[in-house]
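Structural description and commentary
What follows is each chain in one-letter form.
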Amino acid sequence: MSRAGRRAERLADAADARLPVVAGGALLRKAFPHHWSFFLGELALYSLLVLLLTGVWLTFFFEPEMREVVYAGSYAPLRGVRMSAAFDSTLRISFDVRGGLLMRQTHHWAALVFVAAIGLHLLRIFFTGAFRRPRELNWVIGLTLFVLSLAEGFAGYSLPDDLLSGTGLRIAQGIMMSIPVVGTYVAFFAFGGEFPGEDIITRLYPLHVLLLPGALIALVTVHLILVFHLKHTQWRGPGRSNRNVRGKPLIPQFTATSTGLSLAVFGVLVLLSGIAQVNPVWMYGPYRADLVSTGSQPDWYVGFLEGALRLVPPWETNIAGHTVMWNVLLPAVVLPGLLFAVLYAYPFVEQRLTGERLREQHLCDRPRERPVRTGLGVAGTVFYGVLLVAGGNDIIAYAFRISVDALTWVLRIALVVAPVLAFLVTRWVCRALTAAERERLAEGVPTGDIRQTVTGGYESGTEPVETFRTGAPRRPLTGARTGTPIRTHRAPERRDR
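Just so it is clear, the model here is predicted, and its values are computed rather than measured. (Residues numbered from 1 in each chain as written. Predicted model: local features only at pLDDT ≥ 70, side-chain atom pairs only at ≥ 80, totals over all residues. Heavy atoms only, no water.)

1. Quick notes on the overall build of the chain
To keep it simple, the criterion reads: Strands here are runs of E lasting at least two residues and helices are runs of H or I lasting at least four, both read from the DSSP assignment and numbered beginning at the N terminus. Think of it in three bands: residues with accessible area under 20% of the maximum for their type are buried, residues over 50% are exposed, and the middle band is partly exposed, with areas taken using a 1.4 Å probe on protein chains only. Throughout, a contact is declared for two residues whenever any of their heavy atoms are within 4.5 Å. Using a 1.4 Å probe, the Shrake-Rupley method yields the accessible areas, and only the shown protein chains count as cover for residues.
Secondary structure summary: the chain contains 16 helices and eight strands in total. Within the chain, the proportion of its 497 residues that are buried is 42%. In the chain, 71% of the contacts between residues at least 6 apart in sequence involve partners at least 24 apart. Taken as a whole, the chain presents about 27,000 Å² of accessible surface, with 65% of it coming from carbon and sulfur.

Next up, the structure:
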């Protein structure tokens, strides 16, 4: 090549370096580990996309007003009944708008799956230690997304102004009133006066369709940017370290897999909406302050608050003429505040206690290798499960024909004892699994052959371990019987940066 040609080539390379062409190419080749647990976050993302699409469609027909109207729609049992304009428009969407009921149910199912996917994604991150340096900020963002999704779900659940959601708003008003000093002012501001007021639906609507979705989209965007910037965590394995990522490149393999997942999520949500009825508001009727829906149960993600309210005894204290309702304040304000404060602080506390706060960690832990952390996670899950069961203690007592008071006392004791037992048992199981795995690596896998030794005794034959679970240790160990190194099986895997 001539001197002029080489000079032109150098100028072209310099121009590419100034433009985002090179960075874009590297981005397209970015590797993503391929494991089912890493797709929980994408499940939440695609559920959010369904929520946004169906939510925009529903805003064309919903009227967020509490003015009283007389129903004259297609649902005969409620004709002539006085109700709010919000409930009237919900019935119109369900029975008079073509495809309206399907869109309503798809929106509701997507909300349930969205919160569940975020919760499972957070559990995966917690149990594998993916919250450690340098991903503490992403843990905080993910936890904030979970809190916002709870608020968004409750706001949307309350908008139809039916008897079930109105009962939930009544409970929310009681929680606001339980806050010392400022509780009355907070409740009056939210409801626009004495309950039920005339403004709560009107104020929840912009919160549900504008403010909270905007915050969710913004945080999801920052979360994805950090995932790309910090690179993805991965399980331990041959050729994997804190300095590389092995998996499928973004284009085309990972994109194809992710696109298939998105289509599956859309299809399953629509299928559920067509065959599994959820939130049939016409069966509850419009909200009336003098009525309470029998056997009312909230959506699962706020069921733990309902359970906490039912388990705390009726404790009240009069201080200087003011009544402090401990039976509402403790389970509905103090308990959730402490719970999320612990979750926000946990990554920083664990890393300080273990001395890992100055080291970057890009490889996932297996839960059995961190028995204390895994025990704490299982204990917290059991604690949440007991509260969730307590939220339906009346339904359970009725179905099994047992005393609701006796069941409540059993659940109160279980709320204290069950998490402790879960922690101890989980820690023991984790240590036992780790010890069994080390013994298996050191001694090999029994073949079933029995041979006699020169001294007249008998011993079983073993062979080297050649199959491994995801993330399991594969380092060569010295055989206890033969003194020869145990061979390890290394599955061929493609490396993509």
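2. Thoughts on the environment of Pro-419
Structurally, Pro-419 can be placed in helix α16 (residues 404-443). Sequence separation between Pro-419 and Gly-377 is 42 residues; the distance between their C-alpha atoms is 9.7 Å. In this view, Pro-419 contacts Ala-379, Val-382, Phe-383 and Ala-414; residues no more than four positions away in its chain are not counted.

3. Quick look at the pairing of strand β6 (residues 322-325)
Stated formally: What makes two strands pair is DSSP finding at least two bridges between them.
Relative to β6, strand β5 (residues 316-319) is paired through four bridges, and the arrangement is antiparallel. Paired with Thr-317 across the bridge in β6 is Val-324. The antiparallel hairpin formed by β5 and β6 contains two residues in its connecting segment, where Ala-320 sits at a positive phi of about 50 degrees.

4. Observations concerning the UniProt feature "transmembrane region" (unreviewed entry) in the chain
This is how it is decided: UniProt positions are given in the numbering used here, feature names are shortened, and annotations may be inferred rather than shown by experiment.
According to UniProt, the feature "transmembrane region" (unreviewed entry) maps to residues 43-62, 108-127, 139-159, 171-191, 211-230, 324-349, 376-400 and 406-430 in the numbering used here. With 100% helix and 0% strand, residues 211-230 has end C-alpha atoms that lie 28 Å from one another. When the span residues 324-349 is considered, its composition is 92% helix and 8% strand, and the gap between its end C-alpha atoms is 33 Å.

5. Description of the packing of helix α12 (residues 303-311) against helix α14 (residues 371-390)
Worth spelling out the cut-off: Axes, fitted as lines to C-alpha atoms, cover a helix only where it is in contact. Angles between the N-to-C directions of the axes lie from 0 to 180 degrees. Here is the rule for angles: anything less than 35 degrees is roughly parallel, anything more than 145 is roughly antiparallel, 65 through 115 is roughly perpendicular, and the remaining ranges are oblique.
Packing of α12 against α14 brings their axes to within 6 Å, and their N-to-C directions diverge by 75 degrees. The pairing of α12 with α14 is recorded here as roughly perpendicular in orientation. Touching Gly-303, Phe-304, Gly-307, Ala-308, Arg-310 and Leu-311 of α12 are Tyr-384, Leu-387, Leu-388 and Ala-390, all from α14.

6. Description of the packing of aromatic side chains
Heads up, the rule is: Side-chain rings of Phe, Tyr and Trp (the six-membered ring for Trp) are treated as a pair once their centres are within 6.5 Å; stacked means planes under 30 degrees apart, edge-to-face means over 60, and tilted covers the remaining angles.
Applying the stated rule across the entire model yields 16 aromatic pairs. Ring geometry for Phe-126 and Trp-139: centres 6.5 Å apart, planes at 40 degrees, overall tilted. Here Phe-126 is found in helix α5 (residues 100-128), whereas its partner Trp-139 is found in helix α6 (residues 136-158), with 13 residues between them in sequence. The two residues Phe-126 and Trp-139 agree in class, both being buried. Ring geometry for Phe-195 against Tyr-287: centres 5.9 Å apart, planes inclined by 80 degrees, an arrangement best described as edge-to-face. With a gap of 92 residues between them, Phe-195 in the loop between α8 (183-191) and α9 (200-230) and Tyr-287 in the loop between α11 (281-284) and α12 connect regions that are remote in the sequence.

7. Observations regarding α14
We count it as follows: Each residue after the first adds 1.5 Å to the expected span of a helix.
Over its 20 residues, α14 extends 28 Å from the first C-alpha to the last, a length consistent with the 28 Å expected when each residue adds 1.5 Å. Of the residues making up α14, those classed as buried are Pro-371, Arg-373, Thr-374, Gly-375, Gly-377, Ala-379, Val-386, Leu-387 and Ala-390. Looking at the buried side of α14, the elements it contacts are α5, α12, α13 (326-354), α15 (393-400) and α16.

8. Quick notes on the pattern of salt bridges
For side chains of opposite charge, pairing can occur when their charged atoms come near one another. What counts here: Whenever a carboxyl oxygen of Asp or Glu lies within 4 Å of a side-chain nitrogen of Lys or Arg, that contact is scored as a salt bridge.
For the coordinates displayed, the defined rule picks out 19 salt bridges. With a closest N to O distance of 3.5 Å, Arg-92 and Glu-63 form a salt bridge. Of the two residues, Arg-92 is situated in helix α4 (residues 85-95) and Glu-63 in the loop between α3 (40-59) and β2 (68-70); the sequence distance between them amounts to 29 residues. Since its relative accessible area comes to 27%, Glu-63 is described here as partly exposed. A salt bridge links Arg-366 to Glu-437, with the nearest nitrogen and oxygen atoms 2.3 Å apart. Of this pair, Arg-366 sits in the loop between α13 and α14 while Glu-437 is found in helix α16, placing the two residues 71 residues apart along the sequence. Like Arg-366, the residue Glu-437 is buried in the burial classification.

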